[in-house]
Amino acid sequence: MDRAELLNQMQALLDRVELLAERMRKLQDENRSLRQQQETLSSERAALLAKNEQARTRVEGMIVRLKSLEQHT
């Protein structure tokens, strides 16, 4: 194997390493973005569950009051 051939192989390897490094950076950015989205969605879900629980409690209270009014009439 002569020097030029060796340099060509080294350059090809370097190109592949740079390509892999760029793909890794893109995947890290995508992963970071997905984690942020997941955190946001988890927070939104928790807030919606809390609102749902509040609504359920209010509806149950209304039902109790309506039954109480019904019994007094």
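The notes below deal with the structure included here. Please read all numbers here as calculations on a predicted model, not as lab measurements.

### Here's the deal with the overall build of the protein
Piece 1. A tally of helices and strands in the protein yields one helix and zero strands.
Piece 2. Computed over the C-alpha atoms, the radius of gyration of the protein is 31 Å, more than 25% above the 11 Å expected from 2.2 N^0.38 for a compact globule of 73 residues.
Piece 3. Along the first, second and third principal axes, the C-alpha atoms of the protein reach 105 × 15 × 5 Å.
Piece 4. When each of the 73 residues of the protein is scored for burial, the buried share is 0%.
Piece 5. For the protein, the exposed area adds up to about 7300 Å²; of that, 57% sits on carbon and sulfur atoms.
Piece 6. In the protein, 13 positive and 12 negative side-chain charges are present, and the distance between their average locations comes to 8 Å.

### A short note on a nonpolar patch on the surface
Piece 1. Taken together, the side chains of Met-1, Leu-6, Leu-7 and Met-10 make up a nonpolar region of the molecular surface, amounting to roughly 440 Å² of accessible area.
Piece 2. Position of Leu-7 among the secondary structure elements: in helix 1 (residues 3-72).
Piece 3. What makes Leu-7 partly exposed here is its relative accessible area of 47%.

### Re the environment of Ala-50
Piece 1. Tracing the chain through its elements places Ala-50 in helix 1.
Piece 2. In the structure, Ala-50 is positioned 14 residues away from Val-64 in sequence and 21 Å away in space, judged by C-alpha atoms.

### Description of the pattern of salt bridges
Piece 1. Evaluated as defined, the whole model comprises four salt bridges.
Piece 2. The closest approach of N and O atoms between Glu-22 and Arg-25, which form a salt bridge, is 2.9 Å. Taken together, the residues span about one helical turn, with Glu-22 and Arg-25 both in helix 1 at a distance of three residues.
Piece 3. Owing to a relative accessible area of 42%, Arg-25 belongs among the partly exposed residues under this scheme.
Piece 4. If you follow the salt bridges from partner to partner, you end up with Glu-53, Arg-56 and Glu-60 in one network.

### A short note on the environment of Leu-14
Piece 1. Of note, Leu-14 is situated in helix 1.
Piece 2. Measuring from C-alpha to C-alpha, the distance between Leu-14 and Leu-69 comes to 82 Å, with 55 residues separating the pair along the chain.

About the cut-offs
Residues numbered from 1 in each chain as written. Predicted model: local features only at pLDDT ≥ 70, side-chain atom pairs only at ≥ 80, totals over all residues. Heavy atoms only, no water. Helix = DSSP H or I, 4+ residues; strand = E, 2+ residues; numbered from the N terminus. Rg over C-alpha atoms; globule rule 2.2 N^0.38 Å. Buried < 20%, exposed > 50% of the residue type's maximum accessible area, 1.4 Å probe, protein only. Areas by Shrake-Rupley, 256 points an atom, 1.4 Å probe, with all protein chains shown as cover. Lys, Arg positive; Asp, Glu negative; His and termini not counted. Charge placed at Lys NZ, Arg CZ, Asp CG, Glu CD. Patch = residues over 30% accessible without salt bridge, like charges linked within 9 Å, V, L, I, M, F, W, Y side chains within 5 Å. Salt bridge = Lys/Arg side-chain N within 4 Å of Asp/Glu carboxyl O.

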